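Each chain is listed here by its residues.
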Amino acid sequence: MNGLPDASRVPPPEVPPVEHKGIRYAQEMQGLDHGFDQATGYLVAYDAKTNAQLWAVKVYEVETVPGLEPDAQWIYFKSMTLIPERDELLIENEVGGRYLVDLQKRTSTPAP
């Protein structure tokens, strides 16, 4: 026993991709395997017809504590809702963070 908390966690919420104007938006669940600087917290845009990745944006920062199992600390999306009249996605994560992603500017800001 090393004195650290148990690193097990429940499975992440299932958040289906959102399609809008020919683009499919999905959360990245294994970002480290795809060259990102963290495993979760990214939104990726794909061409809905070809499945080619178009762009990605970091929605929120995920800080991990050294010495604890990293995957137990990852924070996944809880919901993703399209706001079509504003070309935005409202994303809420597992710990209650809420973010607006501007799909034209490809930026993320904390939601009120």
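Residues numbered from 1 in each chain as written. Predicted model: local features only at pLDDT ≥ 70, side-chain atom pairs only at ≥ 80, totals over all residues. Heavy atoms only, no water.

**Section: the sheet that holds strand β5 (residues 77-83)**
Ordered by their spatial adjacency, 4 strands build an open sheet running β5-β6-β7-β8, and the pairing between neighbours is antiparallel. The outermost strands of the open sheet, each flanked by one partner alone, are β5 and β8 (107-110). Strand after strand, the sheet turns through a mean of 25° between neighbouring axes, direction not considered. Where strand β6 (residues 88-93) lies against strand β7 (residues 98-102), 5 bridges are found, and the strand directions are antiparallel. Across the sheet, the residue bridging to leucine 89 is valine 101, located in β7. (Pairing = 2+ DSSP bridges. Helix = DSSP H or I, 4+ residues; strand = E, 2+ residues; numbered from the N terminus. Axes fitted to C-alpha atoms, helices over the stretch in contact; angles between N-to-C directions.)

**As for the nonpolar core**
Residues Leu43 and Leu89 are the most contacted members of the largest nonpolar core, which totals 19 residues. Taken together, the elements giving at least two residues each to this core come down to β2 (23-28), β3 (42-47), β4 (53-58), β5, β6 and β7. Those residues within four positions of leucine 89 in sequence are excluded, and the remaining contacts are Val18, Tyr25, Leu43, Met80, Thr81, Leu82, Tyr99, Leu100, Val101 and Leu103. Core analysis: the second largest hydrophobic core is formed by 5 residues, Ala26, Phe36, Tyr42 and Tyr46 among them. (Core = buried A, V, L, I, M, F, W, Y, C linked by side-chain atoms within 4.5 Å. Buried < 20%, exposed > 50% of the residue type's maximum accessible area, 1.4 Å probe, protein only. Contact = heavy atoms within 4.5 Å.)

**Points about the confidence of the model for the protein chain**
Of all residues in the protein chain, 93% have pLDDT values of 70 or greater, and the mean over the chain is 91. With pLDDT under 50 throughout, residues 1-6 is counted as low confidence; its partners more than four residues away or in other chains account for 3 contacts. (pLDDT = per-residue confidence, 0-100.)

**What about the side chain of glutamate 28?**
Position of glutamate 28 among the secondary structure elements: in strand β2. As a buried residue without a salt bridge, glutamate 28 has its nearest oppositely charged side chain in arginine 24, at a separation of 10 Å. For glutamate 28, the residues in contact, after removing those within four places along its chain, are His34, Phe36, Ala39, Thr40, Gly41, Tyr42, Val44 and Tyr46. (Lys, Arg positive; Asp, Glu negative; His and termini not counted. Salt bridge = Lys/Arg side-chain N within 4 Å of Asp/Glu carboxyl O.)

**Brief notes about the side chain of glutamate 88**
Along the chain, glutamate 88 falls in strand β6. For glutamate 88, a relative accessible area of 13% gives the class buried. Not counting chain neighbours up to four residues away, the residues in contact with glutamate 88 comprise Thr81, Leu82, Ile83, Leu100, Val101, Asp102 and Leu103.

**A closer look at the pattern of salt bridges**
The tally for this structure, following the rule as stated, stands at 4 salt bridges. Between glutamate 88 and arginine 86 there is a salt bridge; the shortest N-O distance is 2.5 Å. Put simply, Asp37, Lys58 and Glu61 are held in one network by salt bridges that share partners.

**Remarks on the pairing of β2**
Within β2, 5 of the 6 residues are buried, which leaves the element mostly enclosed by the surrounding structure. Pairing of strand β1 (residues 18-20) with β2, which is carried by 3 bridges, proceeds in the antiparallel orientation. Bridging across to β2, glutamate 19 finds its partner in arginine 24.

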